[in-house]
Amino acid sequence: MKCKITRNAAKVLKRELDKEENKNKKLRVLVTHAHGDHAHYGLDLDTPKENDVIVSTDKEIDVILEAGQPFLDGVKIDYLYFPEEGFVITNPSQGNHGDH
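This section reports on the structure supplied with the text. All of these numbers come straight from a predicted model, not from anything done at the bench. (Residues numbered from 1 in each chain as written. Predicted model: local features only at pLDDT ≥ 70, side-chain atom pairs only at ≥ 80, totals over all residues. Heavy atoms only, no water.)

With that settled, the discussion passes to the nonpolar core. Counting 21 residues, the largest nonpolar core has Ile5, Val29, Tyr41, Ile61, Val63 and Ile77 as the members making the most contacts within it. Of all the secondary-structure elements, those providing two or more residues to this core are strand S1 (3–5), helix H1 (7–17), strand S2 (26–35), strand S3 (38–46), strand S5 (62–66) and strand S6 (75–80). With 5 residues, H1 is the largest single contributor of residues to this core. Leave out the neighbours within four places in its chain, and Val29 touches Tyr41, Gly42, Leu43, Val63, Ile64, Leu65, Leu72, Val75, Ile77 and Ile89. (Core = buried A, V, L, I, M, F, W, Y, C linked by side-chain atoms within 4.5 Å. Buried < 20%, exposed > 50% of the residue type's maximum accessible area, 1.4 Å probe, protein only. Helix = DSSP H or I, 4+ residues; strand = E, 2+ residues; numbered from the N terminus. Contact = heavy atoms within 4.5 Å.)

So this is what it looks like as structure tokens:
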């Protein structure tokens, strides 16, 4: 499984992961809702469970993905400052473009 994190997103995520209360946690990307040919995504800080895969990224952030969930393979995490500040999670390999 693959996961891409942009430079903007990595900066924000590292600040959160470096907090004392998050020392033993990793970033989890999850499908909050799937319908038809696309999904909506969410982020959480969590510890790996039995059915999870840990994916290393080029930004030195390990990401937890649920094994066997096709909408998660190839997911991309970005952080935008305009028009609104926040994370945008898409999966170009699944045809998910835009704010999902």
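More follows now that the structure is in view.
Once that is clear, we can look at the environment of Glu50. Locating Glu50 in the fold gives a position in the loop between S3 and strand S4 (52–56). Sequence spacing of Glu50 and Val88 is 38 residues, and the spatial spacing of their C-alpha atoms is 27 Å.

We now examine the layout of surface pockets. Put simply, the largest pocket is a space of about 180 Å³. Of all the secondary structure elements, the ones that give two or more residues to the lining of the largest pocket are H1 and S2. Looking at the lining of the largest pocket residue by residue, the classes come out as 3 nonpolar, 1 polar and 7 charged. (1 Å grid on protein atoms, 1.4 Å probe; cavity = no way out; pocket = protein on both sides within 12 Å on 5 of 7 lines; lining within 4 Å. Points joined across faces, edges and corners; volume = space filled by probe spheres on them. Nonpolar A, V, L, I, M, F, W, Y, C, P; charged D, E, K, R; others polar.)

Successive side chains on a regular strand alternate, one facing one side of the sheet and the next facing the other. In terms of burial, strand S7 (residues 86–90) is a largely internal element, 4 of the 5 residues being buried. Where S6 and S7 come together, 5 bridges link them in antiparallel fashion. Counted as the bridge partner of Asp78 is Val88 from S7. (Pairing = 2+ DSSP bridges.)

This part takes up the pairing of S3. Looking at chain direction, S2 and S3 are connected through 9 bridges and run antiparallel. Paired with Val29 across the bridge in S3 is Leu43. Between S2 and the antiparallel strand that follows it, S3, lie 2 residues; Gly36 among them carries a positive phi value of about 60°.

Moving on: the sheet that holds S3. Spatially, S3-S2-S5-S4 is the arrangement adopted by the 4 strands of the open sheet, whose pairing is mixed. Edge positions in the sheet fall to S3 and S4, since each of these pairs with one other strand and no more. Averaged over all pairs of adjacent strands, the angle between strand axes in this sheet comes to 30°, irrespective of strand direction. Inspection of the sheet shows S4 paired to S5 by 5 bridges, in the antiparallel sense. Residue pairing for S5: Ser56 is matched across the bridge by Asp62. (Axes fitted to C-alpha atoms, helices over the stretch in contact; angles between N-to-C directions.)

The omega torsion across Phe82 and Pro83 is 5°, close enough to zero to call that bond cis. Mapped onto the elements, Pro83 comes out in the loop between S6 and S7. One non-glycine residue, Glu60, lies in positive phi territory at about 60°. Among the secondary structure elements, Glu60 is positioned in the loop between S4 and S5. Its relative accessible area of 72% is what places Glu60 among the exposed residues.

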